[in-house]
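Coordinate inspection notes
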Amino acid sequence: MSLLTWTKEQFATNISQHDREHQTIFDMVNKLHESAGGTDRSAIGKQLDALIAYVAEHFGAEESNMIKSDYADYPQHKQEHDKLVQTCLDLQKAFHAGEAEINRETTTFVADWLVNHIPNIDRRYGPAMNGAGIA
Ligand SMILES: [Fe+2]
Ligand SMILES: [Fe+2]
């Protein structure tokens, strides 16, 4: 069974671009979770780098749509993004320096973050973005 399963009921934000991005992130986390159970360090590293790059791009896309729609909670939302990005960059650096491993605890931490962030934080930007013509 996959670690993360995207369903409309639990995760839809009413912004199709961001829903698609969330589904891509779920796929990437699920694949990294599979690899993280094994010993192929170079595969894990490639998947980790791709995931972090994609997540950073996704956060940037959400932030630019929040700014475009004058979303009041933008500063707090950006702060949540920045905190996760910093944690991931630290981990990425330690992994490539051979000082840390990516295991299923790591992928479960990321999955838990997403399961909290998307329904509770992302979902709230839907009406503001819809009001600014973003759908
Ligand atoms: Fe998001
Ligand atoms: Fe977000």
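Provided above is the structure to which this section pertains.
Residues numbered from 1 in each chain as written. Chains lettered and ligands numbered in written order. Predicted model: local features only at pLDDT ≥ 70, side-chain atom pairs only at ≥ 80, totals over all residues.

Some remarks on the overall build of the protein
In terms of regular secondary structure, the protein is built from 6 helices and 0 strands. What you see in the protein, going N to C, is helices and strands ordered as α-α-α-α-α-α. For 135 residues, the compact-globule formula gives about 14 Å, and the C-alpha radius of gyration of the protein, at 15 Å, lands near that figure. Partitioning the intrachain contacts of the protein with sequence separation of at least 6 by distance along the chain shows that 73% fall at a separation of at least 24. (Helix = DSSP H or I, 4+ residues; strand = E, 2+ residues; numbered from the N terminus. Rg over C-alpha atoms; globule rule 2.2 N^0.38 Å. Contact = placed C-beta atoms within 7 Å.)

Side note on the packing of helix H3 (residues 41-68) against helix H4 (residues 74-96)
Any two packed helices are characterised by the angle at which their axes cross and by the distance between the axes. It is at 11 Å that the axes of H3 and H4 come closest, and there the two elements cross at 165°. Overall, the two elements H3 and H4 adopt an arrangement that is roughly antiparallel. In this structure, the crossing between H3 and H4 has a hand that is left-handed. Along the contact surface, H3 presents Gly45, Leu48, Asp49, Ile52, Ala56, Phe59, Glu63, Met66 and Ile67, while H4 presents Tyr74, His77, Lys78, His81, Val85, Cys88, Gln92, Phe95 and His96. Residue composition of the contact of H3 with H4, grouped by class: 10 nonpolar, 5 polar and 3 charged. (Axes fitted to C-alpha atoms, helices over the stretch in contact; angles between N-to-C directions. Parallel < 35°, antiparallel > 145°, perpendicular 65-115°, else oblique. Left-handed = near helix turned anticlockwise from the far one by under 90°. Nonpolar A, V, L, I, M, F, W, Y, C, P; charged D, E, K, R; others polar.)

Observations regarding the nonpolar core
Leu4, Val29, Leu32, Leu48 and Leu51 are the most contacted members of the largest nonpolar core, which has 15 residues in total. Elements with a contribution of two residues or more to this core: helix H2 (16-36), H3 and helix H5 (104-120). Every residue in contact with valine 29, bar those within four places of it in the chain, is listed here: Leu3, Leu4, Leu51, Thr107, Val110 and Ala111. (Core = buried A, V, L, I, M, F, W, Y, C linked by C-beta atoms within 7 Å. Buried ≥ 20, exposed ≤ 12 C-beta atoms within 10 Å, placed from the backbone.)

Re H2
Taking 1.5 Å as the rise per residue, H2 with 21 residues should run 30 Å; its terminal C-alpha atoms sit 30 Å apart, in good agreement. Within H2, the full set of buried residues consists of His18, His22, Phe26, Val29, Leu32, His33, Ser35 and Ala36. At its buried positions, H2 is contacted by helix H1 (8-11), H3 and H5. (Expected span 1.5 Å × (residues − 1).)

Overview of the packing of H2 against H5
Running from N to C, H2 and H5 point in directions that differ by 160°, and their axes come no closer than 9 Å. Considered as vectors, H2 and H5 are oriented roughly antiparallel to each other. Both H2 and H5 take part in a crossing whose hand is left-handed. Contacts from His22, Ile25, Val29, Leu32, His33 and Ala36 in H2 reach Arg104, Thr106, Thr107, Val110, Ala111, Leu114 and Ile118 in H5.

Considerations on the environment of tyrosine 125
As for its position among the elements, tyrosine 125 is in the loop between H5 and helix H6 (126-131). When the 23 C-beta atoms within 10 Å are taken as the criterion, tyrosine 125 is described as buried. For the pair formed by tyrosine 125 and alanine 43, sequence separation is 82 residues and the distance between their alpha carbons is 35 Å. Sequence-distant contacts of tyrosine 125, that is, excluding residues within four places in its chain, are made with Thr13, Met66 and Tyr71.

So, the environment of tyrosine 54
Here tyrosine 54 is to be found in helix H3. We classify tyrosine 54 as partly exposed; it has 15 C-beta atoms within 10 Å. Spatially, the C-alpha atoms of tyrosine 54 and glutamate 101 are 20 Å apart, while their sequence positions differ by 47 residues.

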